[in-house]
Amino acid sequence: METTQIKDTAQKNTATAAHKTIQAGDTISGSQAVLEALIAEGVATIFGYPGGAIMPIYDALYDYNGKLEHILVRHEQGGIHAAQGFARTSGKTGVVFATSGPGATNLVTGLADAQIDSTPLVCITGQVFAHLLGTDAFQETDVINVTMPVTKWNYQVTDAHEIPNVLAKAFHIARSGRPGPVLVDITKNAQLQQFEYPGYQQCNHVRSYRPKPIVRKEYIAEAAKLINSAQKPFVIFGQGVILGSAENEFKAFIEKGNLPAAWTIMGESALPTDHPLGVGMLGMHGNYGPNVLTNECDVLIAVGMRFDDRVTGRLDKYAKQAKVIHLDIDPAEVDKNVKATVPVWGDCKETLPLLTALIDQKDNSSWLSEFARYAAEEDKECIQPEMHPEGDVMSMAEVMSALNELTNGDAVIVTDVGQHQMVACRYAKFTKTRSNVTSGGLGTMGFGLPAAIGAKYGAPDRTVVAIIGDGGFQMTLQELGTIMQFGAAVKILILNNEFLGMVRQWQQLFHDRRYSFVNITSPDFVMLAKSYGIEGQSIDQRAALKAALKTMLDHDGAYLLEVKVGKENNVFPMVPQGSSVAEIRLK
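Note that this is a predicted model, so its numbers are computed, not measured.

Conventions adopted
Residues numbered from 1 in each chain as written. Predicted model: local features only at pLDDT ≥ 70, side-chain atom pairs only at ≥ 80, totals over all residues. Heavy atoms only, no water. Buried < 20%, exposed > 50% of the residue type's maximum accessible area, 1.4 Å probe, protein only. Helix = DSSP H or I, 4+ residues; strand = E, 2+ residues; numbered from the N terminus. Phe/Tyr/Trp six-rings, centres within 6.5 Å; stacked < 30°, edge-to-face > 60°. Lys NZ or Arg CZ within 6 Å of the ring centre and 35° of its normal. Contact = heavy atoms within 4.5 Å. Pairing = 2+ DSSP bridges. Axes fitted to C-alpha atoms, helices over the stretch in contact; angles between N-to-C directions. Expected span 1.5 Å × (residues − 1). Disulfide = S-S within 2.5 Å. Parallel < 35°, antiparallel > 145°, perpendicular 65-115°, else oblique. Left-handed = near helix turned anticlockwise from the far one by under 90°. Nonpolar A, V, L, I, M, F, W, Y, C, P; charged D, E, K, R; others polar. Right-handed = clockwise from strand over helix to strand, strands pointing away.

1. Considering helix α19 (residues 448–458)
Moving on, step 1. Where burial is concerned, most of α19 is hidden: 11 out of the 11 residues are buried.
Moving on, step 2. If you check which residues of α19 are buried, you get Gly-448, Leu-449, Pro-450, Ala-451, Ala-452, Ile-453, Gly-454, Ala-455, Lys-456, Tyr-457 and Gly-458.

What follows is the structure, encoded as structure tokens:
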């Protein structure tokens, strides 16, 4: 009862705090300038955790109730993953607050994750007084040098006069071109400093920074010529389609050319998964046909993807027979891993219509039938046994199948990292874009729960289901407290196999079944959830699955469902590390 009274009183005090409209020429603090910048950039939600060096900003935030919503996370890593989830479902820039020292260093994993997955974030960290910099003061860390490798841009502010321009630049850099995380470190004296406010102007240009390369139409013409002469054209696409809001342009492109198209896990949901030209997922645990036929196509058209190692397998055996067309907004990605025959630099929202106008309408039915043949073989050898396993033990695939039936592909699926992630990405059905939220490049265990919280704030009208393994869940389970306090109606589905499943699979297949520290003991997840005021249940019987999933989805508010699945089930198909994509194993 006392806790409730304290919470209610705090909310009442905050609600009655007045916020004076600030105009150019007013004398304000650096902290107020920070918050005015956020409002001017259209920010409504901040994920953060207060501390000594950022306290002036939090003090100013007290007067911004009703204009800025702050979500108090339970760990700074949870805050930045939540901001990532928010950015991924909303298409907006996620914003994070953290204090100096350990608060700032706790952001590093999320920054690295956002950097490699091109997620727009602005992280604002407090820092010790400027005169204490370099003295090893309490909670002082050189966050600029620590975060330089994992940010698109970072900057330290020591004078309040810099704040409006620096934050305008931060938002522009974070969201333009190939998006990414930006960190602005603000010393405490700059937060406290009073200065004459010049007003706020959004930034749309930074000297020496070109977010979009100039489109070279002669390369588009060359690309079209290659596509039109191809007998076996194959499109592979990534998150660039989503980041460029080019879903319609992409769909028009493949439909005009009747081009088979496969997605990376980051590109999934850019195209509805039931689209007739969608031939499945690429990569180590992708579908059979897209992997094998990558090495049989004659023209490979890559759109908004970066040819990472989980997609290519052995580079010296990757698509050597094909002419490669690479469409990307980041020139650094072109020729980095796979040499392009024709590079098409630019935003795919701009380049795809230009290319579509030049390609021929073609049949390609014989070529498409090749994908269908491989899909049928995969279905027989791999998918059906997974969907309908023998015995009483449930598989992850059948859980996903039952979930698809209930969501009709309309839900946002957020995954952690591991076997459940690969199964979810393989089997989830999507009808809308920005529906698959996962940690792709960095593979961050612990991403799922906080990212799902942020995803719900980014898409409040959509059902958000967090699919998490028993290992990853225990890395950030403290964020149940964030749900308890702020009420994000996240549906948490734990697929519990009592192992660190992906590591165990590799130990089984490539290390003679020498299971070294992969069997993990877990708490009673349902009891744990209830201690945070979240309803839940645990099942281990197939007969209870659909009813339990329906209960989870229909529940008013957050809900945790634990499904106990086979302990030593493996995820197939699989391209063994160091192998060609054509050497993919079905079992």
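Alright, that's what it looks like, and here's the rest.
2. Side note on the packing of aromatic side chains
Moving on, step 1. Counted under the stated rule, the structure contains 14 aromatic pairs.
Moving on, step 2. Taken together through their ring pairs, the aromatic side chains of Phe-47, Phe-86 and Tyr-457 make up a single cluster.
Moving on, step 3. The ring of Tyr-374 is capped by Arg-373, whose NZ or CZ atom sits 4.7 Å from the centre of that ring.
Moving on, step 4. It is Arg-504 that lies over the ring of Phe-499; its NZ or CZ is 5.8 Å from the centre.

3. Observations regarding the side chain of Gln-191
Moving on, step 1. Structurally, Gln-191 can be placed in helix α9 (residues 188–192).
Moving on, step 2. What Gln-191 contacts, discounting residues up to four positions off in sequence, is Ser-29, Gly-30, Ser-31, Ala-53, Ile-54, Met-55, Pro-56, Ile-57, Gly-126, Gln-127 and Ile-186.

4. Regarding the sheet that holds strand β7 (residues 181–187)
Moving on, step 1. The six strands are arranged β3-β2-β4-β5-β7-β6 in an open sheet whose pairing can be described as parallel. Edge positions in the sheet fall to β3 (69–72) and β6 (153–157), since each of these pairs with one other strand and no more. Taking each pair of neighbouring strands and ignoring which way they run, the sheet shows an average axis angle of 20°.
Moving on, step 2. The pairing of strand β2 (residues 45–48) with β3 spans four bridges and is classified as parallel.

5. Considering helix α8 (residues 163–175)
Structurally, the α-helix is built with 3.6 residues per turn, so residues lying three or four positions apart point the same way.
Moving on, step 1. The terminal C-alpha atoms of α8 lie 18 Å apart, and with 13 residues this matches the ideal 18 Å at 1.5 Å per residue to within 8%.
Moving on, step 2. With 10 of 13 residues buried, α8 lies mostly within the body of the structure.
Moving on, step 3. Backbone geometry just downstream of α8 places Gly-177 in the positive-phi region, at approximately 60°.

6. Topic: the sheet that holds strand β15 (residues 412–415)
Moving on, step 1. The strand order β16-β15-β17-β18-β20-β19 describes an open sheet built from six strands, whose pairing is parallel. Sheet topology places β16 (436–437) and β19 (535–539) at the edges, where each strand pairs with a single neighbour.
Moving on, step 2. The sheet contact formed by β15 and β16 spans two bridges and is parallel. Among the inter-strand pairings, Val-414 is bridged to a residue of β16, identified as Val-437.
Moving on, step 3. Set on the sheet, helix α17 (residues 396–407) makes contact with β15, β17 (464–469), β18 (491–496) and β20 (559–564); between it and β18 the angle comes to about 155°.

7. Examining the state of the cysteines
Moving on, step 1. Scanning the model with the defined rule gives zero disulfides in all.
Moving on, step 2. With no disulfide of its own, Cys-297 lies closest to Cys-348 among cysteine sulfurs, the gap being 20 Å.

8. Looking at the packing of helix α4 (residues 76–90) against α19
Moving on, step 1. Interaxial distance between α4 and α19 falls to 6 Å at its minimum, and their mutual angle equals 40°. By the angle between their directions, the pair α4 and α19 is classed as oblique. Note that α4 runs across α19; the crossing there is right-handed. In this structure, α4 uses Gly-78, His-81, Ala-82, Gly-85, Phe-86, Thr-89 and Ser-90 to contact α19, whose residues at the interface are Pro-450, Ala-451, Gly-454, Ala-455, Tyr-457 and Gly-458.
Moving on, step 2. In terms of residue class, the contact of α4 with α19 is made up of six nonpolar, seven polar and no charged.

9. So, the environment of Met-445
Moving on, step 1. Relative to the elements of secondary structure, Met-445 occurs in the loop between β16 and α19.
Moving on, step 2. Aside from chain neighbours lying at most four places away, what touches Met-445 is Gln-77, Asp-416, Val-417, Gly-471, Gly-472, Met-475 and Leu-500.

10. Thoughts on unusual backbone geometry
Moving on, step 1. The linkage connecting Phe-572 with the following residue, Pro-573, adopts the cis geometry, with an omega of 0°.
Moving on, step 2. Despite not being glycine, Ser-118 shows a phi value in the positive range, around 55°.
Moving on, step 3. Note on placement: Ser-118 falls in the loop between α6 (108–116) and β5 (121–127).
Moving on, step 4. Given the relative accessible area of 7%, Ser-118 is considered buried.

11. Some points on the pairing of β6
Moving on, step 1. Summarising the sheet, β6 and β7 pair through five bridges and their orientation is parallel. Opposite Val-157, over in β7, you have Ile-186 as the bridge partner.
Moving on, step 2. Where the polypeptide runs from β6 across α8 and back to β7, its parallel neighbour, the crossover connection is right-handed.

So far we have only geometry, and geometry alone does not tell us how the molecule works.
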